[in-house]
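# Residue-level structure breakdown
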Amino acid sequence: METRFRSIAALATTQHSVVSLQQLIAADVTPSMRTRWVSSDRLTRLGSRSFLVGGAALTWRGRLLAGCFDHDGRAFASGRSAARLMGLDDFGGDELEFIQPRSNRGRQKGGPARTTDRPIPRTDLQRIDGIAVVRAERLIVDAPLFGFSRREVENAIDSAIRLRLVNEQRLRTRVIRDHRSGVNGSRRVLDALVDTGGESRLERWFIRLCRETGFARPITQVTYRAGTTVVARVDAEFPGDLIVEVAGHGTHSTRQQIQADEQRRTELTLRGKRVITFTYDDVRYRPGWVAQQLRSALQLAA
């Protein structure tokens, strides 16, 4: 018995101090042995199919993994839980949110589980810290199931693009397909996608400004290389080799930063590009002026 408990305890150290009923059975832990371990506080029952080992502190990740165990491995972390696991912006709550096939409905012992008729293929899944979780693209298209607000959808899209967790064009194609098929809530995700493409909220505001003032959508996040070396990644590029950069609150004031910025501008100029920059305050508080300057710059390129 001691050997078996040591084996279970060792397993738990790799699983946020949590083990599943199935793992206990696989380790030949009998029901009577399990009862004794619970009575002696070696195990603490968490849910229908999950246990905490050795009186360890139960973390949020441990609760999330226990929820997956309680759903018998047929539900996956999604919604705000998946967003937090992936480090998406402004998702730091302790929600336990799961998605599962409709055929698994009723097994909701590990936290709220939304059901879906759409298949959940392996390509939509990954493991983070040992927890089965949907990928960012699937999280975004399923956001309406979890009641994401417009702001939450935008934060998920913006940060997933910035972290290179989704391909923007592939995501757009999938969301448009869902919308045309009449998937509930897809309109909200589609609306949030209209002004995405940058790597920050400021860049998204600039893209929205372009749309609302009648400018054609620029190409975003264009990378220029010299051989295999990246010499510049630009925020937005318009026809006529016009590049627009948007500068946030942080300023590049050190000698090294100034040198890097000017080298970048030189590299772009030598490639025939014209570079103009708008600040955070320009985009947020002087959108009319930004539109006027952008219009003038595009007319020069005509």
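Before reading on, note that the structure itself is shown above.
Residues numbered from 1 in each chain as written. Predicted model: local features only at pLDDT ≥ 70, side-chain atom pairs only at ≥ 80, totals over all residues. Heavy atoms only, no water.

### Regarding the overall build of the protein
Stated precisely, the cut-off is as follows: Every helix listed is a DSSP run of H or I at least four residues long, and every strand listed is a run of E at least two residues long, numbered separately from the N terminus. Each residue's exposure class comes from its accessible area (1.4 Å probe, protein chains only) as a fraction of the maximum for that residue type: buried when under 20%, exposed when over 50%, partly exposed otherwise. For this analysis, residues touch if any pair of their heavy atoms sits within 4.5 Å. Areas reported here follow the Shrake-Rupley algorithm with a probe of radius 1.4 Å; residue values treat only the protein chains shown as occluding.
When helices and strands are counted, the protein shows 13 helices and twelve strands. The proportion of buried residues among the 302 residues of the protein is 44%. Nonlocal contacts in the protein, meaning residues at least 24 apart in sequence, comprise 57% of its contacts between residues at least 6 apart. Accessible surface computed for the protein: about 15600 Å², of which carbon and sulfur atoms make up 49%.

### A look at the packing of helix 7 (residues 150-162) against helix 10 (residues 201-212)
Our working rule: Between N-to-C directions, angles cover 0 to 180 degrees, with each direction set by a line fitted to C-alpha atoms, over the stretch in contact for helices. An angle below 35 degrees is treated as roughly parallel, one above 145 as roughly antiparallel, one from 65 to 115 as roughly perpendicular, and anything else as oblique. Asp, Glu, Lys and Arg are counted as charged, while Ala, Val, Leu, Ile, Met, Phe, Trp, Tyr, Cys and Pro are counted as nonpolar; the rest, among them Gly, fall into the polar class.
Across the interface, helix 7 lies against helix 10 with an axial gap of 10 Å and an inter-helix angle of 110°. In terms of orientation, helix 7 lies roughly perpendicular with respect to helix 10. Only Arg201, Arg204 and Arg208 of helix 10 make contact with helix 7, whose side of the interface consists of Arg150, Arg151, Glu154, Asn155 and Asp158. Split by residue class, the contact of helix 7 with helix 10 holds no nonpolar, one polar and seven charged.

### Re the packing of aromatic side chains
What counts, and what does not: Only Phe, Tyr and Trp rings are paired, with Trp represented by its six-membered ring, and only when their centres lie within 6.5 Å; those with planes under 30 degrees apart are stacked, over 60 edge-to-face, the remainder tilted. Geometrically, a lysine NZ or arginine CZ counts as sitting over a ring once it is within 6 Å of the ring centre and also within 35 degrees of the ring normal.
Counting across every chain of the model gives seven aromatic pairs. Ring centres of tyrosine 280 and tyrosine 285 lie 6.5 Å apart, and the angle between their planes is 70°; on these two criteria the pair is classed as edge-to-face. The exposure class of tyrosine 280 is buried, given its relative accessible area of 18%. A network of ring pairs unites the aromatic residues Phe206, Phe238, Phe278 and Trp289 as a single cluster. The residue whose ring lies beneath arginine 286 is tryptophan 289, and the NZ or CZ to ring-centre distance is 4.1 Å.

### Quick look at the packing of helix 10 against helix 13 (residues 287-301)
Between helix 10 and helix 13, whose axes approach to 11 Å, the crossing angle comes to 70°. With respect to each other, helix 10 and helix 13 are oriented roughly perpendicular. Where helix 10 approaches helix 13, its residues Phe206, Leu209 and Cys210 are matched on the opposing element by Pro287, Val290, Ala291 and Leu294. Across the contact of helix 10 with helix 13, the residue classes break down as seven nonpolar, no polar and no charged.

Geometry only, nothing functional implied.
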